[in-house]
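Summary of the model geometry
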Amino acid sequence: MVVEFGEEIDLDTSRKVTALHARVTALKLSGITDLVPTFRSLAIHYDPETVNFTKLENKPRSILPDLSVDKFSGRDWSIPACYDLDLSPDLEAVADTCSLSTEQVICLHSSGTYHVYMVGFLPGYPYLGDLAPEIALSRKVTPSLRIPARSIAIAERMTAVYPLESPGGWHVIGRTPMKLFDETATRPALLAPGDRVRFTPIARSEYDHLLQIDDGINSAQPQSNPAT
Amino acid sequence: MTSTLLVHKPGLHTTVQDLGRHGLQSMGVPVSGALDSTALRIANHLVGNKPTTAALEVLGSGPDLEVKTESVRIAIAGGDARIERLSPNPGRFRTFESFCLQRGDLVRIGAVTDMAMTYLAVEGGFDLPLAMGSFSTYTRGVFGGFKGRALKTDDELSLVLPAAPDRDESLFAERALPGELPIRIIPGPQDDYFSPATLQALVSNEYTVSTTVDRMGMRLQGPPLEHARGFNITSDGTAPGSIQVPGDGLPIVLLADRQTTGGYPKIGCVISADLPTLARLRPGNKIRFVLSTLEQAAEARRDRDNWFAIFRTQIKRTDASGIIDATALQTENLVSGVVGPDDPTDSAR
């Protein structure tokens, strides 16, 4: 079952999806096996032997008329980002294509506050937007076969962090020492739809240091005071 | 002393799978689990396991395993394969029946001859750590099952039971899985990205399973489907059996390891009861689709449950010599199709 709110990517649609996700989760309905919020819709996976479609359909339908969208109900994250060229294979090409310096690309990327639209593609892979239009590029024509884990990448008006090593078509412009997915954690994915993310530039020495002392997710905490 | 199965040869792609990892798709974690959940349940039932117990999914051809415990009860169900004890006493076993192996036995599961996969269940299951609530292997994420990957030579799979409990073996004499073609589909959710004629073409065309098939999806070959509104959508959730149509118009049916979200329009979805039937197909096999409804899909699920209820009554018990136990047969006749509480194959573990 899919509850559709629109066909485009926009913040308002995303907030409605997140709000419905929270409301349906709170109902703790038996027969629902999974809820998947995306840019535009909430997918409701259910077990037809426990609950039938018509009966289940009434639940989101009854919530929709008074679905209130909070201004901000997520968590705020500051993710350290190292834009060292050794870790950023596509940074110079992105700068060239956009007729900018690499410093300007870094500045544009790290000055944005990004909304987590959804988590998909890979375990823990967050779709973050909206990226500055000055550095919005189409995906690569030929995807890279091996993008290292923790790579920070951009495509269109989105940025993301690859939680695992994977093939991928996005432009890699940095890397974080933080682990965005840990299957042994109570909450395996660090980010959730509705959270806000900023990237904080760090030097290569700090990146190496954090990578050594910080095995990622355990020491990563949301900031207590949401940046407004 | 530890109880294990030692892998002498891993087979083509052998992974530990159960019925999947549910409830984490919002974090991008695929469901995974057995491609043919029906065969997995049968194999488990034959060794007296719960249907949710993890077993080995053997794609293409199976492993050579050495028994490094007192004894182990095994059943293989799904596709047919030659099952051979190579040493010390050469002998043959068959699919759809349980059998015991003793310490030192080396058994070979050969090529799966009639479908894509078969399942090997051991009584009591494997002693493995749970990954996010499931034993299913997701190789791309390197988690679940045995070290998050397919088996390799010299792996040692720990067993829960050090020895096979002493009792009769179980046999499903029909040795056949339920399910038939055509594959039933429900249109949507992006059937509006295609003209009604294109949806009609999907169910009138014959497709062939291509060689591009893995646990994530099955690419089909045949007449391309034409998009009416482009082939990029804003990503939304996928379902097991979703039929994605990328730019080249050739449909891809999403399987167990599918991505939780996707950016290609989905013209339809295979009903869940027919997913095992579809997953069994091999490259070169022909496939046809037929339109169905939600009501028919729910009915098909009930039919499958009924099939299992009947299946349980058809299990014959044989003693170690392979002779069917007359008393067991008689008991089953007396209760006319209802499985008694003393049926060892039904004892939940």
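What you see is a predicted model; the values in this text were computed from it and never measured.

A short note on the overall build of chain B
Secondary structure summary: chain B contains five helices and 23 strands in total. Its C-alpha atoms give chain B a radius of gyration of 21 Å, within 12% of the compact-globule value 20 Å for 349 residues. If you line up chain B on its principal axes, its C-alpha atoms span 65 × 45 × 35 Å. A burial count over chain B gives 50% of its 349 residues as buried. Put simply, of all contacts in chain B between residues at least 6 apart along the chain, 77% involve residues at least 24 apart.

Topic: the overall build of chain A
Scanning chain A from terminus to terminus reveals five helices and 12 strands. Over its C-alpha trace chain A gives a radius of gyration of 19 Å, about what one expects of a compact globule, namely 17 Å for 228 residues. Here the C-alpha coordinates of chain A stretch approximately 55 × 35 × 35 Å along the principal axes. Taken over 228 residues, chain A has a buried fraction of 42%.

Things to note about the domain arrangement of chain A
All names here are of chain A. Domain boundaries in chain A define domain 1 (2–66) and domain 2 (76–219). A separation of 29 Å is found between the C-alpha centroids of domain 1 and domain 2. Facing the seven residues of domain 1 at the interface are seven residues of domain 2. When residues in the side of domain 1 that touches domain 2 are grouped by element, the largest group, three residues, is from helix α1 (residues 11–27).

Brief notes about the confidence of the model for chain A
Here chain A averages 90 in pLDDT, while 93% of its residues score no lower than 70. Here strand β10 (residues 166–168) of chain A stands out as the element of chain A with the lowest mean pLDDT, 88, in contrast to helix α4 (residues 102–110) of chain A, whose mean of 98 is the highest.

Structural notes on the domain arrangement of chain B
Residues and elements named next belong to chain B. One can read the domain layout of chain B as domain 1 (4–167) and domain 2 (183–300). Just the C-alpha atoms count here: the centres of domain 1 and domain 2 sit 29 Å apart. At the interface, 18 residues of domain 1 touch 13 residues of domain 2. Top contributing element to the side of domain 1 that touches domain 2 by residue count: helix α1 (residues 37–46), with three residues. Its residues assigned to classes, the side of domain 1 that touches domain 2 shows eight nonpolar, eight polar and two charged.

Digging into the sheet that holds strand β18 (residues 252–254) of chain B
All names here are of chain B. Taking strand neighbours across the sheet as the criterion, the eight strands line up as β21-β14-β15-β18-β17-β20-β13-β22 in an open arrangement whose pairing is mixed. Edge positions in the open sheet fall to β21 (286–287) and β22 (289–291), since each of these has one partner strand only. Sheet topology note: the strand β14 (residues 207–213)/strand β15 (residues 217–221) ladder contains three bridges and is antiparallel. By the bridge assignment, V209 is partnered in β15 with L220. Set on the sheet, helix α2 (residues 196–204) makes contact with β13 (183–187), β20 (266–270) and β22; between it and β22 the angle comes to about 130°.

Concerning the interface of chain A and chain B
Listed as interface residues are 30 residues of chain A and, on the opposing side, 24 residues of chain B. Secondary structure elements with two or more residues in the side of chain A that touches chain B: β2 (32–37), β3 (41–46) and β5 (113–119) of chain A. With five residues, the top contributor of residues to the side of chain A that touches chain B is β2(A). Here the side of chain A that touches chain B is built from residues that sort into 18 nonpolar, six polar and six charged.

So, the sheet that holds strand β11 (residues 156–158) of chain B
All names here are of chain B. With respect to topology, six strands assemble into an open sheet ordered β7-β6-β9-β4-β1-β11, the strand pairing being antiparallel. Both edges of this open sheet fall to β7 (91–93) and β11, since each of them pairs with a single strand only. Ignoring strand direction, the axes of neighbouring strands in this sheet form an average angle of 25°. Relative to β11, strand β1 (residues 4–9) is paired through three bridges, and the arrangement is antiparallel. Opposite L5, over in β11, you have L157 as the bridge partner.

Focus on the pairing of strand β2 (residues 13–17) of chain B
All names here are of chain B. Counting buried residues in β2 gives four out of five residues, a clear majority hidden from the surface. Of the strand pairs in this sheet, β2 and strand β3 (residues 55–59) are connected by five bridges, and their pairing is antiparallel. When the bridges of β3 are listed, T14 appears paired with V58.

Details of the environment of I76(B)
Residue and element names in this part refer to chain B. Within the secondary structure layout, I76 lies in strand β5 (residues 71–78). Remark: the alpha-carbon pair of I76 and G141, spanning 65 residues in sequence, is separated by 27 Å. When residues no more than four places from it in sequence are discounted, the contact partners of I76 are A43, A81, I83, T95, I109, T118, Y119 and L120.

Regarding the packing of α1(A) against helix α2 (residues 53–63) of chain A
All names here are of chain A. Contact geometry for α1 and α2: axes closest at 10 Å, N-to-C directions at 130°. Taken together, the axes of α1 and α2 lie oblique to each other. Every pair of crossing elements has a handedness; the one defined by α1 and α2 is right-handed. Touching L20, R23, V24 and L27 of α1 are K59, P60 and I63, all from α2.

A look at the pairing of β13(B)
Residues and elements named next belong to chain B. Burial within β13 is extensive, with four of its five residues counted as buried. As paired elements, β13 and β22 share three bridges and run parallel to each other. The partner of I183 across the bridge, within β22, is F289. Summarising the sheet, β13 and β20 pair through three bridges and their orientation is antiparallel.

Things to note about unusual backbone geometry
That bond from G129(A) to D130(A) is cis: its omega, 0°, falls within 30 degrees of zero. Along the chain, D130(A) falls in the loop between β6 (126–129) and β7 (144–147). Of note, the amide linkage connecting S87(B) to P88(B) takes the cis form, showing an omega dihedral of -5°. With respect to the element layout, P88(B) can be found in the loop between β6 (81–87) and β7. We note that K28(A) has phi near 50°; this positive angle belongs to a residue other than glycine. Among the structural elements, K28(A) can be located in the loop between α1 and β2.

Rules used in this analysis
Residues numbered from 1 in each chain as written. Chains lettered and ligands numbered in written order. Predicted model: local features only at pLDDT ≥ 70, side-chain atom pairs only at ≥ 80, totals over all residues. Helix = DSSP H or I, 4+ residues; strand = E, 2+ residues; numbered from the N terminus. Rg over C-alpha atoms; globule rule 2.2 N^0.38 Å. Buried ≥ 20, exposed ≤ 12 C-beta atoms within 10 Å, placed from the backbone. Contact = placed C-beta atoms within 7 Å. Domains from an automatic or database assignment. pLDDT = per-residue confidence, 0-100. Nonpolar A, V, L, I, M, F, W, Y, C, P; charged D, E, K, R; others polar. Pairing = 2+ DSSP bridges. Axes fitted to C-alpha atoms, helices over the stretch in contact; angles between N-to-C directions. Parallel < 35°, antiparallel > 145°, perpendicular 65-115°, else oblique. Left-handed = near helix turned anticlockwise from the far one by under 90°.

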